[in-house]
Amino acid sequence: MAAHLSYGRVNLNVLREAVRRELREFLDKCAGSKAIVWDEYLTGPFGLIAQYSLLKEHEVEKMFTLKGSRLPAADVKNIIFFVRPRLELMDIIAENVLSEDRRGPVRDFHILFVPRRSLLCEQRLKDLGVLGSFIHREEYSLDLIPFDGDLLSMESEGAFKECYLEGDQTSLYHAAKGLMTLQALYGTIPQIFGKGECARQVANMMIRMKREFTGSQNSIFPVFDNLLLLDRNVDLLTPLATQLTYEGLIDEIYGIQNSYVKLPPEKFAPKKQGDGGKDLPTEAKKLQLNSAEELYAEIRDKNFNAVGSVLSKKAKIISAAFEERHNAKTVGEIKQFVSQLPHMQAARGSLANHTSIAELIKDVTTSEDFFDKLTVEQEFMSGIDTDKVNNYIEDCIAQKHPLTKVLRLLCLQSVCNSGLKQKVLDYYKREILQTYGYEHILTLYNLEKAGLLKPQTGGRNNYPTIRKTLRLWMDDVNEQNPTDISYVYSGYAPLSVRLAQLLSRPGWRSIEEVLRILPGPHFEERQPLPTGLQKKRQPGENRVTLIFFLGGVTFAEIAALRFLSQLEDGGTEYVIATTKLMNGTSWIEALMEKPF
């Protein structure tokens, strides 16, 4: 059991156990010793549901990364390929199978597609002459992976690009499948709300899938009251701004992958007297970040400016606890102190780690450039000078700052101005292509197609109307003891989360005008429940809403939703699902065309 998955209103261990059971059943089909050949991208997500110990129990003796040419030697009966359904991976698998040494012992090959089998891939294997070599060809529907007690992700890195640029709905189908799995485990969700074109498609797919499974009535008492489906392109602004929560900044600066972060090792080296800093470790320090760690659960969603005081308070409490040992006189008291030692030492280690991380972040956030960039972002978001060429962005291009940084700022300016005047846009494009190279013309085209960096059409800027109606900019933000979700960006309230907040109270009817300005339809569907399963809510009991971000979500938005869940009179607790956990940089990178 993973304890951090069961602290909330919805026990996500149930989902984790279901996917683990399916994995065990597949492994048991391949009798005898096994080696797994991994599509490297899958190792991170799989690590969240099954450790090596589980695989070992089912006779997995070796693990390899999928690479061209011959497979490494392994004295096993079965070779199992765990892969995403990608054509380029099929070519590598065929190479592996064809270069198998015929003189050695005969090994059985199997292939497990994650999350779906693909006819195209099987046809490619057939064309390459290896399809018949596979005894088991199956799919493992790992759609939604539990990351934390209130967080699920599909970790589908190309979902936004596929949906909004290529018109490919595969990831929407996987999202609908994942939601059907959740309903099979946690009961039918009585009400579905949505905003955006992709949200509409997912809801339609769910309704169609439900019709196709009419045979069996779902008799599980519903855990969720509502499902809110939100398109990422309804709120293009939020991921572009720099996140200012502790977890958000760790992700912005170092990148969190499958709940792990890699950090510069020198900050974590034990300080010894008199060794003059010799033998500093060179291997990056890898830490897992989730609510299983008490201190991290407490500080991750705070604005970074409020983290220091919590850490110093914790340090005092821990040193006071260690001082207690001098007061332990009797055998009983000493025994009690010793029994608490492991917990105290873990707390001390955790505090040391987070103090080091906070110092690393502070080095960045106190730099002049970080301040300048943040100032420009906040001016754009509060509606200042969004319609003319910005001096800071010009300087960044002239000094050849990272292209992702420049594009993030440009897209932010464009979104806060409902598109840029053609003259301004052309100037920026010309500067970028001359400085960074003409191969980036495709990237600029992608950003325009996605609606991120585009010319203003109809000559009207709708952003001020949206900003005022939804109260997206708050001047007086209390970062230490927040009273509004705008603390996660020190002034800007994430539009996506504001929509969720207004849906729960007073309802979207109050903002019809703004909903019409934002892209895509908004809708509501009811899923009828059998009479015995209708929920009678107790007085004071909160509703549980599952909010699904189609196209990705940031840690700052997650923090804002957790803040709403914890409000005394909020009335709603949120569980968050998404196609991908992301930040502005990883999002822009996914839309960039790699130069040939």
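Procedures and definitions
Sequence order sets the numbering: in each chain, residues are counted from 1 along the sequence as written. Reporting of local features is limited, given that this is a predicted model, to residues whose pLDDT is at least 70; pairs of side-chain atoms are given and counted only at 80 or more, and all residues count toward the totals for whole chains, interfaces and linings. Only hydrogens and water are removed before side-chain values are computed, so all heavy atoms of the structure are retained for them. In this description a helix means any DSSP run of H or I spanning at least four residues, a strand means any run of E spanning at least two, and both kinds are numbered starting from the N terminus. Here the globule rule reads 2.2 Å times residues to the power 0.38, and the radius of gyration is calculated from C-alpha atoms. Relative accessibility under 20% of the residue-type maximum defines a buried residue, over 50% an exposed one, and the middle range a partly exposed one, all with a 1.4 Å probe and only protein chains included. Should any heavy atoms of two residues lie within 4.5 Å, those residues are counted as being in contact. Here the Shrake-Rupley method, with its probe set to 1.4 Å, supplies the accessible areas, and only the displayed protein chains count as covering residues. For the purpose of charge, His is not counted, nor are the chain termini; Lys and Arg are scored as positive and Asp and Glu as negative. A charge is said to be at NZ when it belongs to Lys, at CZ for Arg, at CG for Asp and at CD for Glu. Directions are taken from the helix axis to each C-beta atom, and the arc is the one they span. Where each domain begins and ends follows an automated or database-derived domain assignment. Accessible area, probed at 1.4 Å, shrinks when two parts are joined; the buried area is that loss added up over both. Note on definitions: salt bridges are taken to be side-chain nitrogens of Lys or Arg within 4 Å of carboxyl oxygens of Asp or Glu. Think of it this way: DSSP has to see at least two bridges between two strands before they count as a pair. Simply put, an axis is a line fit to the C-alpha atoms, just over the touching stretch for a helix, and the angle between two N-to-C directions goes from 0 to 180 degrees. The criterion for an aromatic pair is that two Phe, Tyr or Trp rings (for Trp, the six-membered ring) have centres within 6.5 Å, with stacked assigned to planes under 30 degrees apart, edge-to-face to planes over 60 apart and tilted to the rest. Placement of a charge over a ring requires the Lys NZ or Arg CZ to be within 6 Å of the ring centre, with the centre-to-atom vector within 35 degrees of the ring normal.

Student: I keep staring at the overall build of the chain and nothing clicks. Help me out?
Tutor: Of the regular secondary structure elements, the chain holds 22 helices and 15 strands. On C-alpha atoms alone, the chain measures out to a radius of gyration of 26 Å, which is about the 25 Å that the 2.2 N^0.38 rule sets for 596 residues. Counting the 596 residues in the chain, one finds 53% classified as buried. Residue pairs in contact within the chain that sit at least 24 positions apart in sequence constitute 79% of those at least 6 positions apart. As displayed, the chain offers around 27,700 Å² of accessible surface, 52% of which is attributable to carbon and sulfur atoms. When the 74 positive and 77 negative side-chain charges of the chain are each reduced to one mean point, those points stand 3 Å apart.

Student: How should I be thinking about helix H17 (residues 441-449) in this particular structure?
Tutor: The α-helix winds at 3.6 residues per turn, so residues separated by three or four positions along the chain end up facing the same way. The complete set of buried residues in H17 reads Thr-443, Leu-444, Asn-446 and Leu-447. Buried residues of H17, viewed axially, fall in a sector of 160°; they line one side. On its buried face, H17 sits against helix H6 (159-164), helix H15 (403-415), helix H16 (422-436) and helix H22 (584-591). After H17 finishes, the residue Gly-451 shows a positive phi value of roughly 85°.

Student: Looking at this structure, how should I read the side chain of Lys-580?
Tutor: Relative to the assigned elements, Lys-580 resides in the loop between strand S15 (572-578) and H22. Residue classification places Lys-580 among the buried positions, given a relative accessible area of 17%. With sequence-adjacent residues up to four places away left out, Lys-580 is seen in contact with Tyr-41, Ser-153, Glu-155, Ser-156, Glu-157, Gly-552 and Val-553.

Student: I would appreciate a short explanation of the domain arrangement of the chain in the present structure.
Tutor: Often, the extent of an interface is quoted as the loss of accessible area on bringing the components together. Taken domain by domain, the chain holds domain 1 (3-142), domain 2 (147-237 + 496-588), domain 3 (246-259 + 285-366) and domain 4 (369-461). Between domain 1 and domain 2, the C-alpha centre-to-centre distance is 31 Å. The interface is formed by 17 residues belonging to domain 1 together with 24 residues belonging to domain 2. Interface area, domain 1 with domain 2, both sides summed: about 1,800 Å², of which 60% is carbon and sulfur. Three residues stand out in domain 1 for area buried against domain 2, namely Arg-9, Val-10 and Arg-116, and they jointly supply 35% of the buried area on that side. Seen at the junction of domain 1 and domain 2, the total is four salt bridges. In this structure, the salt-bridge partner of Glu-157 is Arg-86, at a minimum N-O distance of 3.6 Å. Those elements that place two or more of their residues in the side of domain 1 that touches domain 2 are helix H1 (13-29) and helix H2 (40-47).

Student: Whenever I open this one, the sheet that holds strand S1 (residues 34-38) confuses me. Can you help?
Tutor: Where strands meet in a sheet, backbone hydrogen bonds hold them as pairs that are either parallel or antiparallel. Pairing is parallel across the open sheet formed by five strands, whose spatial order is S2-S1-S3-S4-S5. Looking at the sheet topology across the chains shown, the edges are occupied by strand S2 (60-65) and strand S5 (134-139). When strand polarity is set aside, the average angle formed by the axes of neighbouring strands in this sheet is 20°. Pairing of strand S4 (residues 108-113) with S5 involves five bridges; the strand directions are parallel. Following the sheet pairing, Leu-112 is matched in S5 by Glu-138. The sheet strands contacting H2 are S1, S2 and strand S3 (78-83), and the helix crosses S1 at an angle near 110°.

Student: Teacher, can you tell me more about the packing of aromatic side chains here?
Tutor: For any two aromatic rings, the description comes down to two numbers: the centre-to-centre distance and the angle of the planes. Within the structure shown, the criterion is met by 15 aromatic pairs. Residues Phe-81 and Phe-134 carry aromatic rings whose centres are separated by 6.1 Å and whose planes lie at 75° to one another, so their mutual orientation is edge-to-face. Highlighted residues: Phe-81 in strand S3 and Phe-134 in strand S5, separated in sequence by 53 residues. Note on Phe-81: relative accessible area 0%, which makes it buried. Each ring, one from Phe-109 and one from Phe-134, has its centre 6.3 Å from the other, and the planes form 70°; the classification is edge-to-face. Linking Phe-109 in strand S4 with Phe-134 in strand S5, this pair joins segments that are 25 residues apart in sequence. The exposure class assigned to Phe-109 is buried, which follows from its relative accessible area of 5%. For Phe-134, a relative accessible area of 4% gives the class buried. Among the aromatic residues, those joined into a ring-pair cluster are Trp-38, Phe-46, Phe-82 and Tyr-140. Across from the ring centre of Tyr-260, 4.8 Å away, lies the NZ or CZ of Lys-286, which sits over that ring.

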